[in-house]
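Architecture at a glance
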Amino acid sequence: MIENTVMLLIIVPILFSLLFVALPKSLYKYLAWAFFIIGVALSVNLVLDGTGVVQIGEPNFAMFENIVLILEVLVILFILAVSAKYKNWPTLGLGIVSAALFAYTFTNVPGAEGASFNIDQFSQIMILIVNIVGTAIILFATGYMDEYEEHRHLHRQKIFYFTMSFFLGAMNGLVMTDTLGWLFLFWELTTLCSFVLISYNMDEEGINNGFRALALNLVGGIALSIGIILLATKYEISTLSGIGTYAGTDAAAMAAVALPVALLCIGGFAKSAQMPFQSWLLGAMVAPTPVSALLHSSTMVNAGVFLVVKLVPAFAGSSLGTAIAVYGSFTFVMCSALALSQRNAKRVLAYSTIANLGLIIASAGIGTPLAVAAAIMLILFHAISKALLFLCTGEIEHTIGSRDIEDMSGLINKAPLLTTLAALGMVSMLLPPFGVLLTKWVSMEAASSNPVVIVFLVLGSALTTVYYAKWLGTILSSSMDKNAVPHKKPETYFPLSFLGLAIVVTSIFVFSIYNYFIKPQVEILLKAAPVISGQAGQFTSEIGAFAYAAIFVVLALAVLIYLATKNMFTPRTASYYMCGENNLEKDRLMFRNGLCGYEKSSVSNIYLQNTFGESKLTILGYAISIILIVIALAGGVGL
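Residues numbered from 1 in each chain as written. Predicted model: local features only at pLDDT ≥ 70, side-chain atom pairs only at ≥ 80, totals over all residues. Heavy atoms only, no water.

1. Concerning the side chain of Ser-428
- Inspection of the secondary structure puts Ser-428 in helix α20 (residues 416-430).
- Among the polar contacts made by the side chain of Ser-428, one reaches the main-chain carbonyl oxygen of Gly-425 at a distance of 2.7 Å.
- Once residues within four sequence positions are removed from consideration, Ser-428 is found in contact with Ser-385, Phe-434, Val-436, Leu-437 and Ile-503. (Helix = DSSP H or I, 4+ residues; strand = E, 2+ residues; numbered from the N terminus. Polar contact = N/O pair within 3.5 Å; in protein donor to acceptor, adjacent residues only side chain to side chain. Contact = heavy atoms within 4.5 Å.)

2. Some remarks on the pairing of strand β2 (residues 115-119)
- Buried residues dominate β2, accounting for five of its five residues.
- Because side chains alternate across β2, one face comprises the buried residues Ala-115, Phe-117 and Ile-119, and the other comprises Ser-116 and Asn-118, equally buried.
- Strand direction decides the pairing type here: strand β1 (residues 52-56) and β2, joined by five bridges, are antiparallel. Note that in β2 the partner of Val-54 across the bridge is Phe-117. (Buried < 20%, exposed > 50% of the residue type's maximum accessible area, 1.4 Å probe, protein only. Pairing = 2+ DSSP bridges.)

3. Description of the environment of Lys-25
- Of note, Lys-25 is situated in the loop between α1 (2-22) and α2 (28-49).
- Using a relative accessible area of 46% as the deciding quantity, one classes Lys-25 as partly exposed.
- Remark: the alpha-carbon pair of Lys-25 and Asp-146, spanning 121 residues in sequence, is separated by 9.9 Å.
- If we ignore the near neighbours within four places in the chain, the residues touching Lys-25 are Asp-146 and Gln-157.

4. Quick word on the packing of aromatic side chains
- Using the criterion set out here, one finds 27 aromatic pairs in the structure.
- Measuring from ring centre to ring centre gives 6.3 Å for Phe-61 and Trp-182, while their planes differ by 10°; the resulting arrangement is stacked. Taken together, the residues span a long stretch of sequence, with Phe-61 in helix α3 (residues 60-85) and Trp-182 in helix α8 (residues 180-198) at a distance of 121 residues. By the burial criterion, Phe-61 is buried, and Trp-182 matches it.
- On the basis of an interplanar angle of 20° and a centroid distance of 5.9 Å, the ring pair of Phe-162 and Phe-166 is categorised as stacked. In this pair, Phe-162 and Phe-166 both sit in helix α7 (residues 157-176), four residues apart, roughly one turn of the helix.
- Each member of the aromatic cluster is reached from another via a ring pair, and the members are Phe-20, Tyr-28, Phe-160, Tyr-161 and Tyr-200.
- Residue placement shows Arg-152 over the ring face of Tyr-148; its charged tip is 3.8 Å from the ring centre. (Phe/Tyr/Trp six-rings, centres within 6.5 Å; stacked < 30°, edge-to-face > 60°. Lys NZ or Arg CZ within 6 Å of the ring centre and 35° of its normal.)

5. Things to note about the nonpolar core
- By size, the foremost hydrophobic cluster in this structure holds 225 residues, and its most contacted members are Met-176, Ile-243, Val-309, Trp-471 and Phe-539.
- Leaving out residues up to four positions away in the same chain, Ile-243 has contacts with Leu-180, Leu-231, Ile-237, Val-261, Leu-264, Leu-311 and Ala-314. (Core = buried A, V, L, I, M, F, W, Y, C linked by side-chain atoms within 4.5 Å.)

Shown next as structure tokens:
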């Protein structure tokens, strides 16, 4: 029964979070394996149960409503208490504003008579991501956290696993609930979990970045709260699906709800770390790698784009939608440019995440069936690829002791399996026949009618190719100065291999995924299906066809040819030529320069700091993104 599965998806992660607290650390690996297996089973079972609406009425509703009320009070009290403890006055001020809005809602907004969970195809996709990718990340953590804590002299794994598991339960609730009041609770719970995880190290850097994440997401939460209050008091709308239903009545109704919808979208922008809110996600890189992977792939940032896509019926074809499309595409190109200047692998991935979320928001803003289909598909493919890349980066750091891309030179010789999986993750983000490139292609087709958006998407895609190709070339190169110590633990390499396999399988069956999940969901949102046809192995849209099966065959042949011939030839090595007099007796990397002094040669990628550095682009990005948000709000109030 779908009702039982919905409840279990919220209760089971909370149960596991309590088990991680109650049981000794020696059992964590077994708990993580059990959580992974049960998470996969429950999420698949929800898909098999089909779609439907689960109503919560009396007498159970009163009990659940009281639980929601208590939890909302506890969240506010926690924010106020922790802000006062660390004397973080801006966050305390935002917490007071949130408390005031909660008090206003409690006293002035009419109480609901029931609540509901709306299980549609989009919710099913999100549940699959959260409970398969999310639990795989927790499984990876059991092979990662011991060494991480040993280096930092920490003993906080109970808090870590409790929060990670609770996070998944909150996300499950967020993507299934249709009642706006309950959605807001789950929204704030994810904010709270991210604060605890980002500040996990409990040092000054971690706490400061945790508060930055808390403050910026409180700004988004305040916008979300005001939007919900306006919808409830002015239009008697209390459900997420009700917003689209009301706006779809006629053009006047869409214009009427434009302001609260814009406010809800701003909440989504903050949650998805879009400019100018991106600094909280960059600061989250101080947390352990499993936290980064969870935030970037299966939980926090996906909540924002999930909400924006769900709101598509309320702004599709309007000036608000156009503003959202330009805003998202601007974030895409700006953060792609910023990623180009980074040599810290986690920061590259962070900017890549923000950029791709911008692409999803841009596709939602375009609002056509083809664009919305691309947005939902990109959420799925990006989540799997980004989880794999973050986890590989964490394992690379444990292998060579660095996350600097330049220190990864020649990694293929020292950790071939790890390098292969990391390379697969990078290739899946920028080359055919993998799903991310396919969805970018569809997004650009959908944006072809908007010159500004299409230019931003083309430039952002080109920059994405450059920074991933640069990193890919480094790990596949043949030389490496650092020693490597691979740790081939099953709980580490199973999640990595599983995610790598998931990339290949979802890309092979992309049309089946589209047909089963995406097409029906777009028809629900926009009452029209994308003009896409095809069969297994081929994807055909209005402009052309993408024969991805043929490319998979070519790739498979290339791998087979390599494996068959790799031992047939003896590689020829050549001496270094370093534009000077080589001193091979002293050191093969030493040469005498034009001033007769000895120098050691070094090879490095070009990062174009003077052109694309953070100091050059961040302020510009802040200014333009704020202007675009103001334009969106202005459209909402009819200016």
